[in-house]
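Reading the structure
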Amino acid sequence: MTSPAQEIKSRLDIIDIVGEYLKLKKVGAGYQALCPFHNEKTPSFYVSPERQTYKCFGCGAYGDVFSFVMEMEGIEFREALHLLARRAGVEISAAQSQLRSEQKALYDVCQQAAVYFEKQLKENEVGQRAKKYLLGRGLTEATIEEWHLGYAPDQWNDLLDYLQKKGFRKEEALAAGLAVKHPEKGTVYDRFRGRIIFPINNLQGQPIGFGGRVFEGDEASAKYINTPQTLIYDKSRVLYGLDRAKSAIREQDQAILTEGYTDVIMNHQAGLSQTVATSGTALTQSQLSILKRYTDNLLMAFDMDSAGNLATQRGIGLAQSAGFLVRVVTMEAGHDPADMIAEDSKKWIQLVEDAKSVFDFYFELAFKQYDPKTPEGRREISRLILPLLASLNDQIEQSHWVQELATRLRADESDIWLALEQTASQSDQPSAEAEPSRAKSRALGHLSRKDRLERRVIGLLLQDEKYHCLVDKDELKMFSKWARDIISCLLDKTLADKRSASRELDTLLNVLALEVEADQVNIDEEMAVCLMELRQMIIREEMRQLSEQIAQAERDQKPRKSQQLMKELQRLSQDLYNNHAPKAKD
């Protein structure tokens, strides 16, 4: 059965849609334009009418008609689906229409609740104290107004009564996370009581949830409570303040990520309008995917207490795997951005400008937490730093930090390299299902040479079935698992099922094919060079491992084993010579 997305794509031409946003120029079989996702003077943005795909050969952005509209409009897939469905004249199913109606009701009730909370901050007696607290934190009257901050009275049913008078039902308040039902008594009451309220908006600026902060009273209460998961609010996919920050993030080509609502607001007040925060959750892949639409550069500004360190470490790894260039704004333990801005905004802005590289941060963190003079300390420092070094594709940069680590640990550099190789070998290969999102999140500059060769081979094979004979099934062991799975399906003529089941995979394959088309290469010659270089990589890796085994055998005073390994090394050296071929161009 055809999905609504497939039906929409069959009715719309990506050229027409992209042409509404960009000035397209016909070039060969496709169209070119200046890329809307990065600044450029020479067009590198290419749209293929045949494959219904776009690709920027400058910044690496690619996708289909849905991802293009999502990027340009700053909307989610569901919203792009409905927008393009209207354009294509495709009827969304009755179930989806019902879902849309339920969502609209939740948008409306959240909007009315935001009005209520804001009014209470201005008029309620305790609300006035809440406002005084906010002013004491450094927020201005104008900022409080601009961000529509509010107050929830410490009463059980005030919001519910207000909403019912406005025509909303208890069920809608429950569905929006504004009310709670007692599990035993069955009574319904307000979720937010006696708290300062921070409205959480979607990318269009509509309230979809709320964060509530205590400011006086019972210290045993949770400092923050947040709207639970609803039809319109998923905390793992929401970044607080992004509706206000997205333009500044694009302009500055940088996002500052903090932990708290007040951190975001105070940064905006200080002129750092590119600031956002996670919404009561650890940083997620979905949040990073949304940020990726606007920038590849991320500054992380988390509290440097032990919990903050862990959050920062997890976030750094996740962001780097998503292709972000990450820097870290370091603060003293117990300090947060909001308080630092209130004390001295210029000092905070300087800290942001002086943000550390990931490696500087990790070295500082590791050598501060552990004693490099003890075996235990050296082990913990290595455990923290080596996985990060193993992820580096730039060999010169990697060599620099290996030397730095060896110097500071007073260790032999060769031992560090050996430990690094062991760390790298323990990392798992991505699956074929994981590769589309992995590949999409990494610009070409972040891909290893092997990644590029594997992607190129797939793009070459996709040109025509007659080229499938150029890859022997025995050679599949040279490829990473994700590429091996895709090529196997290509050779077995079973790839169509995988493509129809995954829009991301289908888009990735179209782009890989498009890259080959745009280069207009001789496919037989290109394939020969790619496969030859992959074989050379495998041989060189085997030779490297053998060299390590020979060195170990010599240290263990095992001459016979060393001689056997040396013969194998000589055989591989001959294989490498026999497999010599001109280098393929990057």
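Before going into details, it helps to say that this report is about the structure given with it. As the structure is a prediction and not an experimental result, all values here were calculated from the model.

In summary, soluble globular proteins display a tendency toward joint burial of nonpolar side chains. If you look at the biggest cluster of nonpolar residues, it comprises 55 residues, and the most contacted ones within it are Phe117, Leu149, Leu178, Phe210, Tyr240 and Trp348. No other element matches helix α5 (residues 94–123), which puts 8 residues into this core. If sequence neighbours within four positions are ignored, Phe117 has contacts with Gly150, Tyr151, Ala152, Leu159, Leu178, Phe192, Ile197 and Phe210. Residues Ile249, Met300, Leu388 and Leu409 belong to the second largest nonpolar core, which totals 44 residues.

Our focus in this paragraph is the pairing of strand β10 (residues 207–213). Across the 7 residues that make up β10, a large majority, 7, are buried. As defined by bridge partners, strand β9 (residues 195–201) adjoins β10 across 6 bridges and the pair is classed as antiparallel. Bridging across to β10, Pro199 finds its partner in Phe210. With 3 bridges connecting them, β10 and strand β11 (residues 224–226) associate as antiparallel partners. Counterpart to Gly211 in the pairing with β11 is Asn226.

Here the focus is the sheet that holds strand β13 (residues 255–258). Spatial strand order, β12-β14-β13-β15-β16-β17: 6 strands in an open sheet with mixed pairing. A single partner strand is all that each edge strand has here, and the edge strands are β12 (239–240) and β17 (356–357). One ladder, built from 3 bridges, connects β13 with strand β14 (residues 275–278); its direction is parallel. Following the sheet pairing, Leu257 is matched in β14 by Val276. Along the sheet, helix α10 (residues 242–252) makes contact with β12, β13 and β14, crossing β14 at roughly 135°.

Below, the discussion takes up the sheet that holds strand β4 (residues 53–56). Spatially, the 5 strands line up as an open sheet ordered β1-β2-β3-β4-β5, and their pairing is antiparallel. Each edge of the open sheet is held by one strand with a lone partner, namely β1 (25–27) and β5 (62–63). Two strands pair when backbone bridges link them, and β4 and β5 are joined in this way by 2 bridges, in the antiparallel orientation. What sits directly across from Lys55, in β5, is Tyr62. Those strands touched by helix α3 (residues 65–73) are β3 (45–48), β4 and β5, and its axis lies near 55° from that of β4.

If you check helix α25 (residues 559–578), its first and last C-alpha atoms are 29 Å apart, about what 20 residues at 1.5 Å a residue would give, namely 28 Å. All buried positions along α25 are accounted for by Ser562, Leu565, Leu569, Leu572 and Leu576. Buried residues along α25 cover an arc of 80° about the axis, so they all sit on one side. Opposite the packed face of α25, turned more than 90 degrees from it, sit the exposed residues Arg560, Gln563, Gln564, Lys567, Gln570, Tyr577 and Asn578. Here the buried face of α25 lies against α24 (523–555).

Basis of the calculations
Residues numbered from 1 in each chain as written. Predicted model: local features only at pLDDT ≥ 70, side-chain atom pairs only at ≥ 80, totals over all residues. Heavy atoms only, no water. Core = buried A, V, L, I, M, F, W, Y, C linked by side-chain atoms within 4.5 Å. Buried < 20%, exposed > 50% of the residue type's maximum accessible area, 1.4 Å probe, protein only. Helix = DSSP H or I, 4+ residues; strand = E, 2+ residues; numbered from the N terminus. Contact = heavy atoms within 4.5 Å. Pairing = 2+ DSSP bridges. Axes fitted to C-alpha atoms, helices over the stretch in contact; angles between N-to-C directions. Expected span 1.5 Å × (residues − 1). Arc of directions from axis to C-beta.

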